[in-house]
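Chain by chain, the residues:
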Amino acid sequence: MNLKHRIVSIAVCAVMLSAGMAIGQTPPPADAQAAPPAETPPPPAPDAPPPELKTLDQEVQGLKKDVVDLNKDLFVLQEELLFPANTQVALYISMDVGTFFALDSVTVKIDNKEVKNYLYTAREADALLKGGVQQIYLGNLKVGKHELVAFFTGKGPVERDYKRGATINFDKGVGAKYLELKITDRVPKHQPEFMIKDWE
Amino acid sequence: MRRAVLAGGLSLGLAIGTASLAAAPSIVGKAAPDFVLRGLDGRNLRLSEFRGQVVLVNFWSRSDGDSRQQMPALDRINITYQRAGLVVIGVSVDEDLRRSKEFAAAMSVSYPILFDTGTAIGKDYYLQKMPMTILVDRSGVVRYTAVGFRRGDERVYLDHIRELLRE
């Protein structure tokens, strides 16, 4: 019921916004157009565009900005509706150094159900190595205890095929839950290390 | 009476046939559905990473004779036009990955061959018959699709490729 109300309110907002934009575009009344200017404007520079074109361009720019703003608001609302904060689980992945591991793919299981299988291209792996953090999964979970297992495949030390897993048991509370898969180098052992961090 | 029934049946059949042809979905003019697949050399390739280049995606099957005929022609196109900004990608849709890899290795084409053993990409591209060839423009929009292959079809591909490369 609550969700329905929110959807209806979004639709009403969108209609009102579009109506407002349409009103903004309507020309001024004929009287205003017919009224003579109080002072004669200075003659335009020879290279400058005519004032009508300038105002039209400004209006187009304004409309574009309105559309971008509206799109942003709709995206945020969509995220809130699809992944409400009380059930939201977001999973991120980061990689540090990467001397002992070249990432190829990640498979994520939550409560023994596969929720994501991601293949990495060379460019994406490079972006992670340069400090990028990727949101690999966004979903919904009920409040309570859950288990997340992540399997990492790639090339390990000495170019060998490498597959490792990491597990975390976590409590999903009322708020959003953020987890991070971290791949780091364990230098003393010349091995990669896989961890899952729970961002409280 | 029989003639009337026969004529009615024929017209109904024609109508159904026309309706099914008209309803055949097409992705021309739409954004090319993105995919990432593992290649013969073990590297993963993502279609959207070739944005800015003209991409020819060729879905093929080892068991299909037309696919076997088409691959050398696509190889020649790739060798000639890759420096002009064309990327040719072959996608095997065979379920038997091992045999498909063996076949691809034996063909030894100059362009990357990827392997799709799932069904999601086939659904996204409305794959029905092999081979299927798709041309994606620099902005990632599907501009041309061709199903099947006959000798001389490569000239049609080239006309479209040259046009897209000029854009």
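Residues numbered from 1 in each chain as written. Chains lettered and ligands numbered in written order. Predicted model: local features only at pLDDT ≥ 70, side-chain atom pairs only at ≥ 80, totals over all residues. Heavy atoms only, no water.

A. Region of interest: the overall build of chain B. Counting its secondary structure elements, chain B contains 5 helices and 7 strands. Counted from the first residue to the last, chain B has its helices and strands arranged as α-β-β-β-α-β-α-β-α-β-β-α. Taking all 167 residues of chain B together, the buried fraction comes to 44%. Within chain B, contacts between residues separated by at least 24 positions form 69% of all contacts whose residues are at least 6 apart in sequence. In the structure as shown, chain B presents an accessible area of about 9300 Å², 54% of it carried by carbon and sulfur atoms. (Helix = DSSP H or I, 4+ residues; strand = E, 2+ residues; numbered from the N terminus. Buried < 20%, exposed > 50% of the residue type's maximum accessible area, 1.4 Å probe, protein only. Contact = heavy atoms within 4.5 Å. Areas by Shrake-Rupley, 256 points an atom, 1.4 Å probe, with all protein chains shown as cover.)

B. Fine view of the pattern of salt bridges. The full count for this structure, using the stated rule, is 13 salt bridges over all chains. Residues Asp 69 of chain A and Lys 65 of chain A are paired through a salt bridge, measuring 3.1 Å at the closest nitrogen-oxygen approach. One end of the pair is Asp 69 of chain A and the other is Lys 65 of chain A, both in helix α3 (residues 51–82) and 4 residues apart, which spans about a single turn. With its nearest N and O atoms 2.9 Å apart, the salt bridge here joins Arg 98 of chain B to Glu 102 of chain B. In this pair, Arg 98 of chain B and Glu 102 of chain B are both assigned in helix α3 (residues 97–107), 4 residues apart and thus about one turn of the helix distant. (Salt bridge = Lys/Arg side-chain N within 4 Å of Asp/Glu carboxyl O.)

C. View of helix α4 (residues 122–129) of chain A. Listed as buried for α4 of chain A are Glu 124, Ala 125 and Leu 128 of chain A. Seen end-on, α4 of chain A carries its buried residues on one side only, within an arc spanning 100 degrees. Within α4 of chain A, the exposed residues directed more than 90 degrees away from the buried face are Ala 122 and Arg 123 of chain A. Against β1 (88–95), β2 (102–110), β3 (113–119) and β4 (134–140) of chain A together with β2 (44–46) of chain B lie the buried residues of α4 of chain A. (Arc of directions from axis to C-beta.)

D. Looking closely at the interface of chain A and chain B. Listed per partner, the contact involves 7 residues of chain A and 8 residues of chain B. Interface of chain A and chain B: buried area, both sides summed, is about 670 Å²; carbon and sulfur atoms make up 39% of it. The interface formed by chain A and chain B holds 2 salt bridges in total. A salt bridge links Arg 46 of chain B to Glu 124 of chain A, with the shortest nitrogen-to-oxygen separation between them at 2.9 Å. Here chain A is connected to chain B by 7 residue pairs in polar contact (both at pLDDT 80 or more). (Buried area = accessible area lost by both parts, 1.4 Å probe. Polar contact = N/O pair within 3.5 Å; in protein donor to acceptor, adjacent residues only side chain to side chain.)

E. Spatial organisation of the confidence of the model for chain A. All names here are of chain A. Here chain A averages 80 in pLDDT, while 76% of its residues score no lower than 70. Across chain A, element-level confidence peaks in β3 with a mean pLDDT of 94 and bottoms out in helix α2 (residues 30–34) with 44. Overall, residues 19–36 carries pLDDT values under 50, and its contacts beyond four positions in sequence, including any with other chains, amount to 6 contacts. (pLDDT = per-residue confidence, 0-100.)

F. Expanded view of the packing of aromatic side chains. Residues and elements named next belong to chain A. Within the structure shown, the criterion is met by 10 aromatic pairs over all chains. Relative to Phe 194, the ring of Phe 101 has its centre 5.1 Å away and its plane inclined at 90 degrees; by these criteria the two rings are edge-to-face. In this pair, Phe 101 is assigned in the loop between β1 and β2 and Phe 194 in strand β8 (residues 191–199), connecting sequence segments 93 residues apart. Phe 101 gets classed as buried once you look at its relative accessible area, which sits at 2%. On the basis of relative accessible area, Phe 194 is assigned to the buried category, the value being 13%. What links up through ring pairs into an aromatic cluster is the set Phe 101, Phe 152, Tyr 162 and Phe 194. One Lys or Arg, Lys 163, reaches over the ring of Phe 151 and ends 5.5 Å from the middle of that ring. Lying over the aromatic face of Tyr 162, Arg 164 brings its terminal NZ or CZ to 4.3 Å of the ring centre. (Phe/Tyr/Trp six-rings, centres within 6.5 Å; stacked < 30°, edge-to-face > 60°. Lys NZ or Arg CZ within 6 Å of the ring centre and 35° of its normal.)

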